[in-house]
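Structural characterization, general
Listed here are the chains, written in short residue letters.
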Amino acid sequence: MTSITFIRPDDLHVHVRDGALMQSVLPYTARQFGRAIIMPNLRPPVTTTEKAQAYRDAILAARPKGSNFQPLMTCYLTDDISLNEVASGMVDGVFAAAKLYPANATTNSDSGVTDIEKLTPLFALLERQGKPLLIHGEVTDSTVDVFDRESVFIDRVLEPLLSRFPELRVVFEHITTQEAVDFVRSHAKSGRLGATITAHHMLINRNAMFQGGLRPHHYCLPVAKRERHRQALVQAATSGEPAFFLGTDSAPHPISAKESACGCAGIYTAPLALELYAEVFEEAGALDKLENFASRNGAAFYRMPENKDVVTLEQEMWTVPEQIDGVAPFRAGQTMRWRFKE
Ligand code: NCD
Ligand code: ZN
């Protein structure tokens, strides 16, 4: 097989930043994907419809000429988020979903939620409106090992939340463990729990952070886990099962912020996102399942029609640039065997 063509995919979890960095990174997402769920962890975070609308306009303006790419905006939940604001933003169609960051779980999450009990009315609202709650699923308890934070989150937070709100629709974002895969599968019948899976979590295990020295460009949150977890993610994504869908979590940071005494979490994959996923699916002998994972399952979960056009990837060797506008992409300097056709 020398090329594959499939329905244009959506990226259901991406950081496109703002300002100059957005001008650099947004075109890469816009050329490959029809739509994307835009993460709201700017500084300050996107907590109002006004901010979301302005951010959306800036993203639309940063698209390459002729692009039909559509950003889907999300609301950053805080302890004191206005219920009215979220409600009206959802009714007006500005917010496609709401994003829950446990406070201090990851980059720019210091305004995140400290006590989810306080958000009971908000969860009830989302439940009534059928709008997804997107969850960064890690506990922040300093006594819990960083590699266990996702699995502990399932028991302490996610399971009780789903029980308390039986109709609430949830996306367990960027899952990294066998436990998360199993948990999502255990809810498959209800169809109300989905999960995004990044390409990088299917391509590296935690050894990649320590290969011959500290490798800050392989550090992201949730942190990569053991090999058996990587294999579980590949198995889930390539199964074609509807609960699992594409979300790159492309999270660009300037090289200076990554290569620092306290390096930022985040892996930049947008410039080669589909190429990376194609590699994973090809290695698993499941290229025929890529379209479900990338273009169908997420659209169905978000109750959107599938994109009408197609994309093509060709087998062609090319070298990933060492850096793009001061940001090092995943696989910098390395050879890729699939290439997105413009
Ligand atoms: C993200 C970022 O940099 O905004 N970082 C990351 O490691 N994925 C935040 C996030 O999604 O956790
Ligand atoms: Zn993210």
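Each value, and the rule that gives it
- Residues numbered from 1 in each chain as written.
- Chains lettered and ligands numbered in written order.
- Predicted model: local features only at pLDDT ≥ 70, side-chain atom pairs only at ≥ 80, totals over all residues.
- Heavy atoms only, no water.
- Near = heavy atom within 4 Å.
- Polar contact = N/O pair within 3.5 Å; in protein donor to acceptor, adjacent residues only side chain to side chain.
- Areas by Shrake-Rupley, 256 points an atom, 1.4 Å probe, with all protein chains shown as cover.
- Nonpolar A, V, L, I, M, F, W, Y, C, P; charged D, E, K, R; others polar.
- Pairing = 2+ DSSP bridges.
- Helix = DSSP H or I, 4+ residues; strand = E, 2+ residues; numbered from the N terminus.
- Right-handed = clockwise from strand over helix to strand, strands pointing away.
- Expected span 1.5 Å × (residues − 1).
- Buried < 20%, exposed > 50% of the residue type's maximum accessible area, 1.4 Å probe, protein only.
- Lys, Arg positive; Asp, Glu negative; His and termini not counted.
- Salt bridge = Lys/Arg side-chain N within 4 Å of Asp/Glu carboxyl O.
- Donors = N, O, S within 2.8 Å, 3.2 Å for Na, K, Ca; no water.
- Tetrahedral: all angles 85-135°; square planar, octahedral: opposite > 155°, others 65-115°.
- Axes fitted to C-alpha atoms, helices over the stretch in contact; angles between N-to-C directions.
- Contact = heavy atoms within 4.5 Å.
- Core = buried A, V, L, I, M, F, W, Y, C linked by side-chain atoms within 4.5 Å.
- Arc of directions from axis to C-beta.
- Parallel < 35°, antiparallel > 145°, perpendicular 65-115°, else oblique.
- Left-handed = near helix turned anticlockwise from the far one by under 90°.

A few points about the site of ligand 1
Around ligand 1 there are 15 residues in total, and Asn41, Thr106, Leu221, Asp249 and His253 lie nearest to it. The separation between an oxygen atom of ligand 1 and a polar side-chain atom of Thr106 is 2.6 Å. Contacts to ligand 1 include Asp249, whose side-chain N or O atom sits 2.7 Å from a nitrogen atom. Isolated, ligand 1 exposes 310 Å² of accessible area, and the fraction of that covered by the protein chains is 100%. Broken down by class, the residue content of the shell around ligand 1 amounts to four nonpolar, nine polar and two charged.

Things to note about the pairing of strand β2 (residues 11-14)
In the sheet, β2 pairs with strand β3 (residues 35-38) via two bridges, with the strands oriented parallel. Directly across from Asp11, in β3, lies its bridge partner Ala36. As for the winding sense of the linkage, the β-α-β connection from β2 through helix α1 (residues 19-32) to β3 is right-handed.

Brief notes about helix α11 (residues 290-301)
If you check α11, its first and last C-alpha atoms are 16 Å apart, about what twelve residues at 1.5 Å a residue would give, namely 16 Å. Along α11, the residues classified as buried are Leu290, Phe293, Ala294, Ser295, Asn297, Gly298, Ala299 and Phe301. Two residues or fewer after α11 comes Arg303, characterised by a positive phi angle close to 55°.

A closer look at the side chain of Asp11
Tracing the chain through its elements places Asp11 in strand β2. Of the side chains bearing the opposite charge, Lys99 lies closest to the buried Asp11, which forms no salt bridge; the N-O distance is 11 Å.

Quick look at the coordination of the zinc ion (ligand 2)
The protein atoms that coordinate the zinc ion (ligand 2) are His13 (NE2), His15 (NE2) and Asp249 (OD), at distances spanning 2.0 to 2.1 Å. For the zinc ion (ligand 2), the four donor atoms in the first shell make angles of 91 to 140° at the metal, a pattern classed as irregular. Residue Asp249 is classed as buried on the basis of its relative accessible area of 5%.

Observations concerning the sheet that holds strand β1 (residues 3-7)
Ordered by their spatial adjacency, three strands build an open sheet running β1-β10-β11, and the pairing between neighbours is antiparallel. Every other strand in the sheet has two partners, leaving β1 and β11 (335-340) as the edge strands with one partner each. Between one strand and the next, the sheet's axes are offset by a mean angle of 30°, whatever the strand orientation. When strand β10 (residues 310-319) meets β11, the two strands line up antiparallel, connected through five bridges. Looking at β11, one finds that Thr319 is bridged to Thr335.

Topic: the sheet that holds strand β8 (residues 193-197)
Pairing in this open sheet of eight strands is parallel, and the strands run β2-β3-β4-β5-β6-β7-β8-β9 from one edge to the other. Each edge of the open sheet is held by one strand with a lone partner, namely β2 and β9 (244-246). Ignoring which end each strand starts from, the neighbouring axes of this sheet average 30° apart. Both β3 and strand β4 (residues 70-76) contribute to a ladder of four bridges, which runs parallel. When the bridges of β4 are listed, Ile37 appears paired with Leu72. Its contacts with the sheet put helix α2 (residues 49-61) on β3, β4 and β5 (95-100), and the angle it makes with β4 is roughly 155°. Contacting β4 and β5, helix α3 (residues 83-91) runs over the sheet at an angle of about 145° to β5.

Some words on the nonpolar core
In terms of nonpolar packing, the biggest core is built from 97 residues, with Leu77 and Leu133 touching the most fellow members. Looking at which element gives the most residues to this core, the answer is helix α10 (residues 273-283), with seven residues. Not counting residues up to four positions away in its chain, the partners in contact with Leu133 are Leu77, Ala98, Leu100, Phe123, Leu126, Leu161, Leu168, Arg169, Val170 and Val171.

Some words on helix α6 (residues 178-186)
The set of residues buried in α6 consists of Ala180, Val181, Phe183 and Val184. On an axial view of α6, the arc spanned by its buried residues comes to 165°, and they lie on one face. Contacts from the buried residues of α6 go to α5 (149-164), β7 (170-172), β8, α8 (227-237) and β9.

Remarks on the packing of α5 against α6
In the contact formed by α5 and α6, the axes pass within 9 Å of each other and the chain directions differ by 20°. It follows that α5 is roughly parallel to α6 by the angle criterion. Handedness of the α5/α6 crossing: right-handed. Between α5 and α6, the contacting residues are Glu150, Ser151, Ile154, Leu158, Glu159 and Leu162 on the first element and Glu179, Ala180 and Phe183 on the second. Class assignment for the residues of the contact of α5 with α6 results in five nonpolar, one polar and three charged.

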